[in-house]
Amino acid sequence: MTAPTAPGTSAGAPATAVRAPQQVRRRGGLERGRRREAIGLVMPSLLPILVLSVAPLVMGIALAFTDARLVRHPDYEFVGVDNFVRLADNSFFWDSFRIGLIWAVSVTLLQLVLALGLAQLLNSGLRLQGLTRVLALIPWAMPPVVVAIMWKMIYSPNAGPLNAFLGAIGLPDDINWLADFSTALPAVIVVGVWVGMPQTTVTLLAGLQQIPGELHEAASMDGANAWRRFTAVTWPSLRPIVASITSLNFIWNFNSFSLVYVLTEGGPGGRTMLPMLFTYLEAFKNRNIGYAAAMGVVLVVVVVLLLAVYLRSQFRDDRVSKKG
C-alpha cells in the first residue's frame, strides 16, 4: 500500500513543502506576538510624552490661529494667520530674540571655556580630588530658583557681598547690578555660566578620561610642550564631545526662563527679556493666549531647526567615524 498524499501535492514531493505554510504562519504569529509585547513595554513611557508634550503642542499650534484670551469664560474665533502677521511687526519680540541670541552665545561659549579648564584641572590628579569634584557639582544640584535668589542677594546694591568687596578694595560699592542698563545682562550671563558649567565640566571630564595616556607620553617624548599636547592630542579627541555639548547647551540656554525671571523679570527696560520670558508675560500678564501661542510656534520652529543642525552634524560624524 502507498501512503496517502496531501491534496494538491505529488507523491514524490518532500514533506517540508507541506509543512512550509504552517511554519510561515507560526513564524508570523510569533513576530506579531513580539511586536505586541514591544508595544506594551513602550506604551507606559510613551503615554506621558503624548499627554504632557505632544497634546499640549498640538493645542498650542491650534490656539496660535485663534484670538483666545485668558479669561474665565473663553470665547474665541479662528483668525487664520493674523497673529503671525502681528508678530512679524512686533519689534519687541524680535528684540527679545536678539537678546536671547546674545545670552545663549555668551553663556555657551563661556561655559565651554571655563568648563574645559576646570575639567583639565580635575583630571590632573589633585589632592582631595573626590571632594573637589563634589564641590564643582554644587551649582548643578541646586534648583534654578534657589540659585537665582542666592545671586540676587549677592548682587544686592545695599547689603550684597559683591558691592561690599568692591568697597573694601576702593572701588565703587553702590552698583545696582540687576537694575542698571549697562550691567543687567552681563550680570545675568555670569549667573547662567555658573549654573550650567558643572554639566559641561562632567561631560568634558569623561572625555578627557577616555584619552589614552600613551598619546600624551608619546607627544612628550617628541618634545611637545603642554599647549602643543593640548592642540595635537586633547582637542582632536574632545572635538566630537565639544560639538555635542555645545549644541545642546546653546538650545537649553536659548530656552532659559526661570533663572532670568526670578533675577530680573526681563528688566530693566527689557534689557534681559529673553524670548521664552516675553512669551510667558504675553500669555499670563497680558492674557493674550492666542498671540502668545503664535510666539511659541515660532520658538518651536527655531528649536527644531537647531536640533536638525545638531542631529545632522552628529550623523555626519558617525558616518566619518565608521568610514575611518
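Remember, predicted model here, so these are calculated numbers, not experimental data.

**Student:** It is not clear to me how the overall build of the protein should be interpreted in this structure. Could you clarify?
**Tutor:** Each helix and strand counted, the protein has 13 helices and zero strands in total. Along the protein, from the amino end to the carboxyl end, the secondary structure elements read α-α-α-α-α-α-α-α-α-α-α-α-α. Across the 324 residues that make up the protein, the buried fraction comes to 31%. Within the protein, counting contacts between residues at least 6 apart in sequence, those at least 24 apart form 65% of the total.

**Student:** Sorry if this is basic, but what is going on with the packing of helix α9 (residues 213-221) against helix α10 (residues 226-254) here?
**Tutor:** Think of two packed helices as two axes; the pair is described by the angle between the axes and how far apart they sit. Their axes nearest at 10 Å, the elements α9 and α10 cross at an angle of 145°. The handedness of the crossing between α9 and α10 is right-handed. Contact with α9, carried on its side by Leu215, His216, Ala219 and Ser220, involves Arg229, Val233 and Thr234 of α10 and no other residues of that element. When its residues are assigned to classes, the contact of α9 with α10 shows three nonpolar, three polar and one charged.

**Student:** What should I look at first to understand the confidence of the model for the protein in this one?
**Tutor:** Regions with low pLDDT should not have their predicted coordinates read in detail. The predicted model of the protein has a mean per-residue pLDDT of 84, with 88% of residues at 70 or higher. Contacts for the low-pLDDT stretch residues 1-13, under 50 throughout, to residues beyond four places or in other chains number four contacts.

**Student:** When you look at the packing of aromatic side chains in this model, what are you seeing that I'm missing?
**Tutor:** Any two aromatic rings considered together are summarised by their centre-to-centre distance and by the angle between their planes. This model, assessed by the stated rule, comprises 16 aromatic pairs. Positioned over the ring face of Tyr291 is Arg86, at 3.9 Å from the centre of the ring.

**Student:** Would you mind showing me how to read the packing of helix α3 (residues 91-122) against α10 here?
**Tutor:** The geometry of α3 relative to α10 is characterised by a closest axis approach of 10 Å and an angle of 145° between their N-to-C directions. Between α3 and α10 lies a crossing of right-handed hand. Each of Phe97, Gly100, Leu101, Trp103, Ala104, Val105, Val107, Thr108, Gln111, Leu112, Leu116 and Gln120 in α3 lies in contact with α10, whose residues at this interface are Phe230, Thr234, Trp235, Leu238, Val242, Thr246, Asn249, Phe250, Asn253 and Phe254. When its residues are assigned to classes, the contact of α3 with α10 shows 14 nonpolar, eight polar and no charged.

**Student:** It is not clear to me how the pattern of salt bridges should be interpreted in this structure. Could you clarify?
**Tutor:** Pairing between side chains of opposite charge can happen when the charged atoms of each approach one another. Applying the stated criterion to the full structure yields one salt bridge. Where Arg98 meets Asp95, a salt bridge forms, and the shortest distance between an N and an O atom there is 2.9 Å. With Arg98 and Asp95 both in helix α3, this residue pair falls three residues apart, about one helical turn.

**Student:** When you look at the layout of surface pockets in this model, what are you seeing that I'm missing?
**Tutor:** Here the idea is plain: a probe the size of a water molecule rolls over the atoms and shows the empty space left. As a volume, the largest pocket reaches approximately 640 Å³. Surrounding the largest pocket, 21 residues form its lining, Gly60, Thr279, Ala292, Ala293 and Gly296 being those nearest its centre. Of all elements in the fold, only α1 (15-63), α12 (275-284) and α13 (289-323) reach the threshold of two or more residues within the lining of the largest pocket. For the lining of the largest pocket, the leading source of residues is α13, giving eight residues. In the lining of the largest pocket, the residues fall into 17 nonpolar, four polar and no charged. Put simply, the second largest pocket is a space of about 320 Å³. At the level of secondary structure, the elements contributing two or more residues to the lining of the second largest pocket comprise α3, α5 (138-141), α8 (184-209), α10 and α11 (258-263). Considering every element that reaches the lining of the second largest pocket, the biggest residue donor is α8, with four residues. When the residues that make up the lining of the second largest pocket are grouped by side-chain class, the tally is nine nonpolar, eight polar and no charged.

What counts and what doesn't
- Residues numbered from 1 in each chain as written.
- Predicted model: local features only at pLDDT ≥ 70, side-chain atom pairs only at ≥ 80, totals over all residues.
- Heavy atoms only, no water.
- Helix = DSSP H or I, 4+ residues; strand = E, 2+ residues; numbered from the N terminus.
- Buried < 20%, exposed > 50% of the residue type's maximum accessible area, 1.4 Å probe, protein only.
- Contact = heavy atoms within 4.5 Å.
- Axes fitted to C-alpha atoms, helices over the stretch in contact; angles between N-to-C directions.
- Left-handed = near helix turned anticlockwise from the far one by under 90°.
- Nonpolar A, V, L, I, M, F, W, Y, C, P; charged D, E, K, R; others polar.
- pLDDT = per-residue confidence, 0-100.
- Phe/Tyr/Trp six-rings, centres within 6.5 Å; stacked < 30°, edge-to-face > 60°.
- Lys NZ or Arg CZ within 6 Å of the ring centre and 35° of its normal.
- Salt bridge = Lys/Arg side-chain N within 4 Å of Asp/Glu carboxyl O.
- 1 Å grid on protein atoms, 1.4 Å probe; cavity = no way out; pocket = protein on both sides within 12 Å on 5 of 7 lines; lining within 4 Å.
- Points joined across faces, edges and corners; volume = space filled by probe spheres on them.

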